[in-house]
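Survey of secondary and tertiary structure
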Amino acid sequence: MSLEETATPENANEKGLLDYENVFTVTAYWDGPRQGIANFNGKPHFYKCVFDESKDEWSDTFELSTVDEKTHQLALEDWRAWKRWEDDFRNGRVKLDSHPALVTGPSNQAKISSLLKSGSAIDPARDLVARGIFQPANPKRRGPNTLWRVRWIPQNEAK
């Protein structure tokens, strides 16, 4: 996703997305975004979906943790690298075994991923929980690589 793609769509009001915030990355996806970085109150946060063990399915509850600017920029760089690889793969320019997660040995991608994991830890004592309502900017296109927007409802407001 390019940085331009994170801009508010021109017809956002028609789509009811004005109260929705930017989703910058989707690093885990299962029937919807489950992990990545998105704005919460206009500031980048790491989001991670809570799995409901009693129902044996994903909930619509997310743990949110603030992300510093360095981590946010690293996440965007990581996401751009993933998008480039995906585009090359879909167009037959690279093979599956070149996937950044499968490549062994030192790489910039591996270093970025390691930094993101260490910089994006959720601290339940410090961070918040919110209900997340994710909407694709284009309702006809769903998946981890589409442009998403999210509306957060803090847990104490979700009841």
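The preceding data block contains the structure.
Residues numbered from 1 in each chain as written. Predicted model: local features only at pLDDT ≥ 70, side-chain atom pairs only at ≥ 80, totals over all residues. Heavy atoms only, no water.

1. What to know about the overall build of the chain
The test is simple: Only runs of H or I of at least four residues qualify as helices and only runs of E of at least two qualify as strands under DSSP, and these elements are numbered from the N terminus. Buried, partly exposed and exposed residues are distinguished by accessible area as a fraction of the type maximum, computed with a 1.4 Å probe on protein chains only: under 20%, between the cut-offs, and over 50%, respectively. Contact definition: two residues touch when any of their heavy atoms are within 4.5 Å. Reported accessibility uses the Shrake-Rupley method at a 1.4 Å probe radius. Residues are deemed covered only where the shown protein chains occlude them.
Scanning the chain for helices and strands turns up three helices and six strands. Taking all 159 residues of the chain together, 39% fall into the buried category. Look at the contacts in the chain between residues 6 or more apart in sequence, and 51% of them connect residues 24 or more apart. Approximately 9,800 Å² of the chain is accessible, and the part contributed by carbon and sulfur atoms is 49%.

2. A short note on the sheet that holds strand S1 (residues 21–29)
Strands belonging to one sheet form pairs held by backbone hydrogen bonds; the direction of such a pair is parallel or antiparallel. Rule in force here: When DSSP finds at least two bridges between two strands, those strands are taken to pair. Helix axes are fitted to C-alpha atoms over the stretch in contact, other axes to C-alpha atoms as well, and angles between N-to-C directions run from 0 to 180 degrees.
If you trace the six strands once around the closed barrel, you get S1-S2-S3-S4-S5-S6, paired in antiparallel fashion. On average, each strand axis in the sheet is inclined to that of its neighbour by 45°, with strand direction left out of account. By the bridge criterion, five bridges tie S1 to strand S2 (residues 33–40) in an arrangement that is antiparallel. Within S2, the position partnered with Val26 by the bridge is Gly36. Packing against the sheet, helix H2 (residues 69–90) makes contact with S1, S2 and strand S3 (43–52), and its axis sits at approximately 60° to S1.

3. Focus on the pairing of strand S6 (residues 148–154)
Of all seven residues in S6, five are buried, a share of seventy percent or more. Inspection of the sheet shows S1 paired to S6 by two bridges, in the antiparallel sense. Bridge pairing in S6 links Glu21 to Val150. Sheet topology note: the strand S5 (residues 128–136)/S6 ladder contains seven bridges and is antiparallel. The residue bridging Ile133 from the neighbouring strand is Arg151, located in S6.

4. Quick notes on H2
Stated formally: A helix is expected to span 1.5 Å multiplied by its residue count minus one. Pairing of N or O atoms within 3.5 Å defines a polar contact, subject to two protein rules: one partner must be a possible hydrogen donor and the other a possible acceptor, and residues neighboring in sequence count only if both atoms are side-chain atoms.
Between its first and last C-alpha atoms H2 spans 31 Å; for 22 residues at 1.5 Å apiece the expected length is 32 Å, and the two agree. Taken together, the buried positions of H2 are Thr71, His72, Leu74, Ala75, Leu76, Asp78, Trp79, Ala81, Lys83, Trp85 and Glu86. A side-chain oxygen of the first residue of H2 lies 3.2 Å from the backbone nitrogen of Lys70; this N-cap is Asp68. Gly92 lies just past H2 and shows a positive phi near 75°.

5. Considering the pairing of S2
Counting buried positions along S2 yields seven of eight residues, so the element is predominantly enclosed. Linking two consecutive strands that pair antiparallel, namely S1 and S2, is a turn of three residues; a positive phi of about 60° is found at Asp31 within it. In the sheet, S2 pairs with S3 via six bridges, with the strands oriented antiparallel. Among the inter-strand pairings, Ile37 is bridged to a residue of S3, identified as Phe46.

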